[in-house]
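Results of the structural survey
Residues per chain, in single letters:
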Amino acid sequence: MKRTTLSLIFLFCTTICGFAQASTKLEAEKATYVNCTLISDNKYSGGKALEITEENAKITFTYNNSEKGKFAVYVGYDGLYGDKMANLAVNGNGSSFTIKGQGETTVGIFFMNKGSNTIVITPSWTWFRIDYIRIEKDNSISFPFDISSSPVDPQAAECAKKVYSFLFNNFGKKTISGMMTGDMSSANGNVTEHDDVKTVYQASGKYPALVGFDFMNTTGAYENEDWAKSYTNDVIELAKDTWQRGGIPVFTWHWRDPSRNTGEFYTDKCNMKITNALKTDGSWNTSSTLYQNIIKDIDAIADHFLTLQNAGVACIFRPLHESSGGWFWWGREGAEPFKKLYHLLYDEMVNVKGVHNVIWVWNAGEYDQDWNPGETYYDVVSADIYNKAYDYSSNYVLFDKLKVLTGGKKILALSENGPIPDIDKEFDEEAVWSWWMPWYHTWGGGYVNQTSKEEWTKCMNDERVVTLEDLSAGWDAYTDIKIRKVERQNSQAIYDLQGRQLSEIPRKGLYIRGGKIMYHTK
């Protein structure tokens, strides 16, 4: 009996102590706070909470950690007057979270330092209360990616297969540098002389391998204006030149109001609704003027892709971007109308018009499960994130959430950003994006200047960052690397996360040996 009792007592103490070490609760009222109101109520942990009603409110926790590693951060909250959004950052790496009623939510998995760590909560929408945060060591093993080696379009042209192969083979190993273009006044058919692209060269001594363009003036109320036609012609010629130099053209489409009632694409400047082109049973009203305008616009874009396809040029295409934000008309009515339009656009371009030179991108937010158009409709999932100037975070929290969102089955990219992610942080924090692309520098954007020349030079001259100079041999010289996924019978063999056998342990990053995911930091 004594032996049994002592064993039970030992087991009980071990369990309690282990839990205490694994989970730590920090009360909000004991944090440092600005523009918050201290509320006393026994329904809160510790009997108090901090109320946030001001946009400039901030709660700062300091957490002294006994070890370096990954930790889950939870927030105890109380929403006032409906659902809210708030932001949480650990040592500058942030994520947003939703507040619904009173409860607790997981914000994300964060890297923490041994020693002092700073955790900051700020509001996106005000009128809520923060009760506490809870920190718990993350002992889970990140599941490997399981990405298809072929694009979703079963009839993909050879040029598109090459681009997808290039993205697939480099994902997790290298990041492709990019730059968005805006003003076309400097366009002369030579992409290296375009002001946006040239600004990157002036900052780093290298050209971006990926160049972004916009079909924003191709359709809509201004489509027949000479300046609009000239803009589109310029981007098509620059896309051809990008390809001829070994680069990758990427297209976005700020789709102007298909109803032609306005020339706008922002929700607050037009009344365009997808449902106005639908019947009461949810099917497309193909006889309606709005539906016919939608098809006309899609076909106009498709024709430009066909021009590029006939020239042997492949592109990346990110249609209907930032939909869940609601600020563009294609997102104003929610997920279901958006998905219906995405499917129509894909089917019209691929199956009706015969566009097969496109790598498809779904531009998602971290909580966009309901907006997923379906994994057979896109090759890459991307995010848009604008850190503050000179903040070179890898944005690993968002990377992990997009991976979970798509089940690890898709390539992950940063399709819009301000400052570029630091390449060392990308590898150290296990968030190696397929590509990044700062928004345009022209038109007053100034986004190249949000990254210092020192950081530009460091990253663009790092062997793990792909530049245009690296691709100077051109696509005609590119040979697909045949991937052979082998059985992992040899416990000493080394594999990357896509199951490809490696000759040696990578200098930095994740690898698999003996069926276990391992991380090399030196």
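In this text the structure is predicted, and so the values were computed from the model without any measurement.

**Let's talk about the packing of aromatic side chains**
Tallied over the full model, the rule gives 39 aromatic pairs. Look at Trp436 and Trp456: their rings are 5.9 Å apart centre to centre, the planes differ by 70 degrees, and that puts the pair in the edge-to-face class. Of this pair, Trp436 sits in the loop between α8 (423-428) and α9 (453-460) while Trp456 sits in helix α9, placing them 20 residues apart in sequence. Following the ring pairs from residue to residue traces out a cluster consisting of Phe213, Phe215, Phe251, Phe305, Phe317, Phe338, Tyr342, Tyr346, Trp360, Trp371 and Tyr377. The ring centre of Tyr74 lies 4.1 Å from the NZ or CZ of Arg134, which sits over that ring. Its guanidinium or amino end placed over the ring of Phe143, Lys403 lies 4.6 Å from that ring's centre, counting from NZ or CZ.

**Here we look at the sheet that holds strand β7 (residues 84-90)**
With antiparallel pairing, the five strands of this open sheet are ordered in space as β2-β5-β10-β7-β8. Each of the sheet's edge strands pairs with one partner strand only, and the pair in question is β2 (32-34) and β8 (93-99). Here the strands of the sheet are splayed against their neighbours by 20 degrees on average, with no regard to which way each runs. Bridge count between strand β5 (residues 58-65) and strand β10 (residues 115-123): seven bridges; the pairing is antiparallel. By the bridge assignment for β10, Ile59 is matched with Ile121.

**Overview of the packing of helix α4 (residues 226-244) against helix α5 (residues 289-310)**
For the pair α4 and α5, the least separation of the axes is 11 Å and the interaxial angle reads 30 degrees. It follows that α4 is roughly parallel to α5 by the angle criterion. Once α4 is placed against α5, the crossing between them reads as right-handed. Judged by residue contacts, Thr232, Ile236, Ala239 and Lys240 of α4 engage His304, Thr307 and Leu308 from α5. When the residues that make up the contact of α4 with α5 are grouped by side-chain class, the tally is three nonpolar, three polar and one charged.

**Re helix α2 (residues 158-170)**
Relative to the 18 Å expected for 13 residues at 1.5 Å per residue, α2 spans 18 Å between its end C-alpha atoms, a close match to the ideal helical length. In terms of residue burial, α2 counts as a mostly covered element, since 10 of its 13 residues are buried. Looking at the residues trailing α2, positive phi occurs at Gly172, about 90 degrees.

**Remarks on the environment of Phe111**
Along the chain, the position of Phe111 falls in strand β9 (residues 102-112). For Phe111, a relative accessible area of 18% gives the class buried. Sequence separation of Phe111 and Asn91 is 20 residues, and the distance between their C-alpha atoms is 8.7 Å. When near neighbours in sequence (up to four residues on either side) are disregarded, Phe111 contacts Gly69, Lys70, Val90, Asn91, Tyr396, Asp428, Glu429 and Glu430.

**Concerning the environment of Val380**
On the secondary structure map, Val380 appears in strand β18 (residues 380-385). With 228 residues separating them in the primary sequence, Val380 and Val152 have C-alpha atoms 9.8 Å apart.

**Some thoughts on the nonpolar core**
Core analysis: the largest hydrophobic core is formed by 148 residues, its most contacted members being Phe251 and Phe305. Ignoring sequence-local partners within four residues, the contact set of Phe305 consists of Phe215, Phe251, Cys315, Phe317, Met349, Val355, Asn357 and Val358.

**Here we look at the environment of Ala221**
With respect to the element layout, Ala221 can be found in the loop between β14 (210-214) and α4. With a relative accessible area of 38%, Ala221 lands in the partly exposed category. Considering only alpha carbons, one finds Ala221 and Ser259, 38 residues apart in sequence, at a separation of 8.7 Å. Apart from residues lying up to four places away in sequence, Ala221 is in contact with Arg260, Thr262 and Gly263.

**So, the confidence of the model for the protein chain**
Of all residues in the protein chain, 88% have pLDDT values of 70 or greater, and the mean over the chain is 90. Under a pLDDT of 50 for its full length, residues 1-21 has, in the predicted model, zero contacts with residues more than four places off or in other chains. Residue range residues 481-489 is modelled with pLDDT below 50. Its contacts to residues more than four positions away, or to other chains, number 18 contacts.

**Some details on the sheet that holds strand β17 (residues 358-363)**
Strand order across the open sheet formed by seven strands is β13-β14-β15-β16-β17-β18-β19, with parallel pairing between neighbours. Every other strand in the sheet has two partners, leaving β13 (178-180) and β19 (411-417) as the edge strands with one partner each. Pairs of neighbouring strands in the sheet enclose a mean axial angle of 30 degrees, with direction left out of account. Two elements, strand β15 (residues 248-252) and strand β16 (residues 315-318), share three bridges in a ladder whose sense is parallel. Across the sheet, the residue bridging to Phe251 is Phe317, located in β16. Those strands touched by helix α6 (residues 335-352) are β16 and β17, and its axis lies near 175 degrees from that of β17.

**Structural notes on α9**
Within α9 the residues assigned to the buried category are Glu455, Trp456, Cys459 and Met460. With its buried residues spanning 115 degrees around the axis, α9 presents them on a single face. With respect to the buried face of α9, the exposed residues turned more than 90 degrees away are Lys453 and Glu454. Where α9 is buried, its residues touch α3 (195-204), α8 and β20 (465-466).

**A word on the side chain of Glu348**
You can see Glu348 is positioned in helix α6. Nearest to the buried, unbridged Glu348 among oppositely charged side chains is Lys353, at 6.3 Å. Leaving out residues up to four positions away in the same chain, Glu348 has contacts with Ile295, Ile298, Asp299 and Lys353.

**Re the side chain of His321**
Within the element layout of this structure, His321 appears in the loop between β16 and α6. Engagement of the side chain of His321 in a polar contact is seen with the side chain of His254, the distance being 3.2 Å. Among residues more than four places away in sequence, those in contact with His321 are Thr252, Trp253, His254, Phe328, Trp330, Asn363 and Glu416.

**Structural notes on the pattern of salt bridges**
Under the criterion given, the structure shown has 24 salt bridges. A salt bridge links Asp303 to Lys353; the shortest N-O distance between them is 2.9 Å. Of this pair, Asp303 sits in helix α5 while Lys353 sits in the loop between α6 and β17, and the two are 50 residues apart along the sequence. Here Asp303 falls in the partly exposed class, since its relative accessible area comes to 37%. Of the residues examined, Lys353 reaches a relative accessible area of 26% and is grouped as partly exposed. Note that Asp462 and Arg464 form a salt bridge whose closest N and O atoms lie 2.9 Å from each other. The same class applies to Asp462 as to Arg464, namely buried. One connected set of salt bridges, linked through shared partners, spans Asp422, Asp424, Lys458, Asp462 and Arg464.

Definitions and cut-offs
Residues numbered from 1 in each chain as written. Predicted model: local features only at pLDDT ≥ 70, side-chain atom pairs only at ≥ 80, totals over all residues. Heavy atoms only, no water. Phe/Tyr/Trp six-rings, centres within 6.5 Å; stacked < 30°, edge-to-face > 60°. Helix = DSSP H or I, 4+ residues; strand = E, 2+ residues; numbered from the N terminus. Lys NZ or Arg CZ within 6 Å of the ring centre and 35° of its normal. Pairing = 2+ DSSP bridges. Axes fitted to C-alpha atoms, helices over the stretch in contact; angles between N-to-C directions. Parallel < 35°, antiparallel > 145°, perpendicular 65-115°, else oblique. Left-handed = near helix turned anticlockwise from the far one by under 90°. Contact = heavy atoms within 4.5 Å. Nonpolar A, V, L, I, M, F, W, Y, C, P; charged D, E, K, R; others polar. Expected span 1.5 Å × (residues − 1). Buried < 20%, exposed > 50% of the residue type's maximum accessible area, 1.4 Å probe, protein only. Core = buried A, V, L, I, M, F, W, Y, C linked by side-chain atoms within 4.5 Å. pLDDT = per-residue confidence, 0-100. Arc of directions from axis to C-beta. Lys, Arg positive; Asp, Glu negative; His and termini not counted. Salt bridge = Lys/Arg side-chain N within 4 Å of Asp/Glu carboxyl O. Polar contact = N/O pair within 3.5 Å; in protein donor to acceptor, adjacent residues only side chain to side chain.

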